[in-house]
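Summary of the model geometry
Listed below are the residues making up each chain.
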Amino acid sequence: MIGFLGGAYLWVKAAHVIFVIFWMAGLLMLPRFFAYHQEASPTSPENAVWIDRERKLISIIMNPAMVAVWAFGLALLVSSGAAVEHWFQVKFLIVIGLTAYQGWLTSYAKRLATGERRVSGKALRLLNEIPGIAVVVIVFLVIVKPF
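Presented here is an overview of the structure given in this document.

Conventions used here
Residues numbered from 1 in each chain as written. Predicted model: local features only at pLDDT ≥ 70, side-chain atom pairs only at ≥ 80, totals over all residues. Heavy atoms only, no water. Axes fitted to C-alpha atoms, helices over the stretch in contact; angles between N-to-C directions. Helix = DSSP H or I, 4+ residues; strand = E, 2+ residues; numbered from the N terminus. Left-handed = near helix turned anticlockwise from the far one by under 90°. Contact = heavy atoms within 4.5 Å. Nonpolar A, V, L, I, M, F, W, Y, C, P; charged D, E, K, R; others polar. Salt bridge = Lys/Arg side-chain N within 4 Å of Asp/Glu carboxyl O. Buried < 20%, exposed > 50% of the residue type's maximum accessible area, 1.4 Å probe, protein only.

Attention now goes to the packing of helix 1 (residues 9–38) against helix 3 (residues 86–113). Where helix 1 meets helix 3, the axes come as close as 11 Å, and the angle between the chain directions of the two elements is 35°. The two elements helix 1 and helix 3 meet at a crossing, and its hand is left-handed. Between helix 1, through His16, Trp23, Met24, Leu27, Leu30, Pro31, Phe34, His37 and Gln38, and helix 3, the contact on the second element is made entirely by Lys91, Val95, Leu98, Thr99, Tyr101, Gln102, Leu105, Tyr108, Ala109 and Leu112. Tallied by class, the residues present in the contact of helix 1 with helix 3 amount to 13 nonpolar, five polar and one charged.

Here's what the structure looks like:
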């Protein structure tokens with residue numbers, strides 16, 4: 001039993017991991033949606049379909065998952081006292097970065113919905129790699145705890 005969570009610690013940890021998976025799925029899907037969306041004419045019916053898909057992905061999957069990740073993660077942090085660990089501090093900065101990344105994605109979805117297309121499809125495909133790289137680093141930090 002760890003901290004105030006006691007016997008619930010592992011249940012909270014499991015919930016945290018489950019919602020991380022949901023959040024990462026959304027962070028990996030949305031930039032790919034954008035790349036395909038940009039190929040559609042702003043006045044086409046296909047454009048409206050992409051706007052709806054992006055809105056649903058953000059509001060039904062990504063936002064709730066991100067909130068759950070933060071809520072369960074902060075409960076684990078307070079209960080475990082990991083804040084003093086250097087591996088955790090690096091992980092925390094990456095999670096803050098992913099949260100900011102989602103904020104940018106959400107704002108770009110709004111721009112696409114109005115017809116703005118400021119980022120190339122190639123750049124969006126490259127941006128699609130950010131969550132994958134972040135997950136690799138986070139998993140090594142959490143499992144190996146290199147420092």
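Under the criterion given, the structure shown has four salt bridges. In this structure, Arg125 engages Glu39 in a salt bridge whose closest nitrogen and oxygen atoms are separated by 3.4 Å. With Arg125 in helix 4 (residues 121–127) and Glu39 in the loop between helix 1 and helix 2 (45–80), the pair connects residues that are 86 residues apart, well separated along the chain. Taking relative accessible area as the criterion, Arg125 reaches 28% and is therefore assigned partly exposed. Each member of the salt-bridge network shares a partner with another, and the members are Asp52, Arg55 and Lys56.

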